[in-house]
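Structural overview
Below are the chains, spelled out letter by letter.
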Amino acid sequence: MIFEIHSTDPGSSARAGKLQTDHGEILTPIFMPVGTAGTVKGVHQRELLDDIEAQIILGNTYHLYLRPGLDILRKAGGLHKFNGWSKPILTDSGGYQVFSLKEIRKITEEGVYFNSHIDGSKHLFTPEYVMDIQRVIGGDIIMAFDECPPYPCDYKYAEKSMHLTHRWLKRCVERIQTTEPLYGHHQSLFPIVQGSVFPDLRVQSAEYIASQGQDGNAIGGLSVGEPAEEMYKMIEVVNAILPKDKPRYLMGVGTPENILEGIALGIDMFDCVMPTRNARNGMLFTTEGIINIRNKKWEDDFTPIDPGLGGYVSTFYSKAYLKHLMKCQELLGAQIASIHNLRFYLWLVGEARKHILAGDYGSWKDQAVKKLMTRL
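Since the structure is predicted, the reported quantities are computational estimates derived from the model, not experimental observations. (Residues numbered from 1 in each chain as written. Predicted model: local features only at pLDDT ≥ 70, side-chain atom pairs only at ≥ 80, totals over all residues. Heavy atoms only, no water.)

1. Notes on the overall build of the chain
Operational definition: Helix and strand labels come from DSSP, where a helix needs a run of H or I of at least four residues and a strand needs a run of E of at least two; each type is numbered from the N terminus. Taken over C-alpha atoms, the radius of gyration is set against a globule rule of 2.2 Å times the number of residues to the power 0.38. Burial status follows relative accessibility: with a 1.4 Å probe on protein chains alone, a residue under 20% of its type maximum counts as buried, one over 50% as exposed, and anything between as partly exposed. Surface accessibility in these figures is a Shrake-Rupley result with a 1.4 Å probe; residues are shielded only by whichever protein chains are displayed. For the charge count, each Lys or Arg is scored as positive and each Asp or Glu as negative, with His and the chain ends excluded. To locate a charge, take atom NZ for lysine, CZ for arginine, CG for aspartate or CD for glutamate.
Helix and strand counts for the chain stand at 15 helices and 18 strands. For 376 residues, the compact-globule formula gives about 21 Å, and the C-alpha radius of gyration of the chain, at 20 Å, lands near that figure. A principal-axis box enclosing the C-alpha atoms of the chain has dimensions of 60 × 50 × 40 Å. Looking at the chain as a whole, 56% of its 376 residues are labelled buried. Accessible area for the chain stands at about 15600 Å²; split by element, carbon and sulfur atoms hold 52% of it. The averaged location of the 44 negative side-chain charges in the chain is 4 Å from the averaged location of its 40 positive side-chain charges.

Below is the structure:
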């Protein structure tokens, strides 16, 4: 995998670059739609390509392991062949499920024992097995197995968790170095910085992760309930240490404001379920601000959802029609809203890239945040 930086912003740490994978290039900064179970909810691959203009999507190791299972994925020739997505894919490691499914899992030095949320069956994820699973799924970028500590947590827990993540990382690296990809394309391992909101732990973790010399690096354990200012502070601490010539991925973030602030701090890659989850509940992000399409004020508004955004659904369907669909709980309503929000997120990082290249990102960002986070 090759990463090159095309431009840096003089007024911030923002940078515009290009990530080259065997399934194509990714222009950064980039937002990656989340396809948990092998699909971005309610969105065809054609819409991802043509309307949303996604360059890379995510798959979830835990969920794909349970369904459809490794046998089916292997027979299909990996996730790319199974779901028909020809561009890059990133797979997470299941580490977030270690965090979110705490009632049905047990963490040990060996790995994580958990009961399936589907049928209660017992499973063990070790760092080695997680690497093997991601070989079978076949993502272009695969994540190291980590523990994501909750917020808040005490210092001793965060420290113990961080060191466990580092020991697991060593095992992940060894496994990747002693196995081969299954489908003929390169797979890049991204380690994950942990340490909760404690600056000295984040420094320790960033130094350890940087020392591994992998193709890229990620920052985990943020956007789990901490104040946004704490998150920004941790990003700044970590990015001062992570190598500048490698892509930096902030996991699970976030709002348009979070993304623009993260870019200003030197982040290159983002993912979040927010655009599709909020869409299904009627919240739309637009180039003029935030809309709750369920509000009565849109009932007789026959203007396009967002004429300034472009794309089929955002310019073809009216606010009044979308409000009607959502009120009737028609599946098309959730689909239109999801496609629209994802297009907005890809538009947002595309605009950020333009302003980084133009050298005025810092000033543009402040104006954009104020406008885009306004409730209409």
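Next comes the rest of the account.
2. Considering the packing of helix α8 (residues 199-211) against helix α9 (residues 228-239)
Note the following rule: Only the stretch in contact is used when a helix axis is fitted, and all axes are lines through C-alpha atoms; the angle between N-to-C directions ranges over 0 to 180 degrees. In this scheme the crossing of two helices becomes right-handed for a clockwise turn of the near helix relative to the far one and left-handed for an anticlockwise turn of less than a right angle. The contact rule is simple, with two residues in contact once any of their heavy atoms fall within 4.5 Å. Any residue outside Ala, Val, Leu, Ile, Met, Phe, Trp, Tyr, Cys, Pro, Asp, Glu, Lys and Arg is labelled polar, Gly included; the first ten of those are nonpolar and the last four are charged.
For the pair α8 and α9, the least separation of the axes is 9 Å and the interaxial angle reads 35°. Here α8 runs over α9; the crossing is right-handed. Touching P199, R202, V203 and A206 of α8 are K233, M234, V237 and V238, all from α9. Classifying every residue of the contact of α8 with α9 gives six nonpolar, no polar and two charged.

3. Let's talk about the pairing of strand β9 (residues 112-115)
Quick note on the threshold: DSSP calls a pair of strands paired once it identifies at least 2 bridges connecting them.
Along β9, the buried face is formed by V112 and F114; none of Y113 and N115, which line the opposite face, is buried. Across three bridges, the pairing between strand β8 (residues 105-107) and β9 is antiparallel. If you follow R105 over to β9, its bridge partner there is F114. Here β9 runs beside strand β10 (residues 122-125); their pairing, made up of four bridges, is antiparallel. Bridge pairing in β10 places Y113 opposite L124.

4. Side note on the sheet that holds strand β6 (residues 57-59)
Across a sheet, paired strands are connected by hydrogen bonds in the backbone, their directions being either parallel or antiparallel. The parallel open sheet is built from five strands, whose spatial order is β5-β6-β7-β11-β12. Only two strands of the sheet have a single partner each, and these edge strands are β5 (34-35) and β12 (188-190). Along the sheet, helix α6 (residues 127-137) makes contact with β7 (89-91), β11 (141-143) and β12, crossing β11 at roughly 155°.

5. A look at the packing of aromatic side chains
One pair of aromatic rings is described through two measures. These are the centre distance and the angle between the planes. Our working definition: Here is the rule: rings of Phe, Tyr and Trp (six-membered ring for Trp) pair when centre to centre is within 6.5 Å. Planes less than 30 degrees apart are stacked, more than 60 are edge-to-face, and the remainder are tilted.
Inspection of the entire model under this criterion finds 18 aromatic pairs. Here Y317 and Y321 contribute two aromatic rings whose centre-to-centre distance is 5.8 Å and whose plane-to-plane angle is 20°, an arrangement assigned as stacked. With a relative accessible area of 15%, Y317 lands in the buried category. Grouped by ring-pair contacts, the aromatic residues Y62, Y65, F114, F125, Y129, F145 and W168 constitute a single cluster.

6. A short note on the layout of surface pockets
Under the convention used in this document: Buriedness of a pocket was judged along seven lines, with at least five required to meet protein on both sides within 12 Å; pockets are open sets of points on a 1 Å grid over the protein atoms alone, cavities are sets where a 1.4 Å probe fits but cannot get out, and lining residues have an atom within 4 Å of a point. Grid points are joined across faces, edges and corners, and a volume is the space filled by probe spheres set on the points.
Approximately 960 Å³ is the volume found for the largest pocket. Along the wall of the largest pocket there are 42 residues; nearest its centre are V34, Y96, G252, D271 and V273. Secondary-structure elements contributing two or more residues to the lining of the largest pocket are β6, α2 (61-66), α5 (95-100) and α11 (274-280). Per-element tally for the lining of the largest pocket: the top contributor is α11, with five residues. A class-by-class count of the residues in the lining of the largest pocket yields 15 nonpolar, 21 polar and six charged. Approximately 270 Å³ is the volume attributed to the second largest pocket. What lines the second largest pocket is a set of 16 residues, and nearest its centre among them are E53, L346, W347, G350 and E351. The dominant element in the lining of the second largest pocket, judged by the number of residues it contributes, is helix α14 (residues 331-358), at nine residues. For the lining of the second largest pocket, the per-class residue count stands at nine nonpolar, two polar and five charged.

7. Quick notes on the pattern of salt bridges
When the charged atoms of two side chains with opposite charge come close together, those side chains can pair. For the record, the criterion: A pairing counts as a salt bridge when a side-chain nitrogen of Lys or Arg comes within 4 Å of a carboxyl oxygen of Asp or Glu.
As enumerated under the stated definition, the model contains 11 salt bridges in all. Measuring nitrogen to oxygen at the nearest pair gives 2.8 Å for the salt bridge that ties R167 to E109. Here the residue R167 occupies a position in helix α7 (residues 155-177), and E109 occupies one in the loop between β8 and β9, the gap between them amounting to 58 residues. On the basis of relative accessible area, E109 is assigned to the partly exposed category, the value being 43%.

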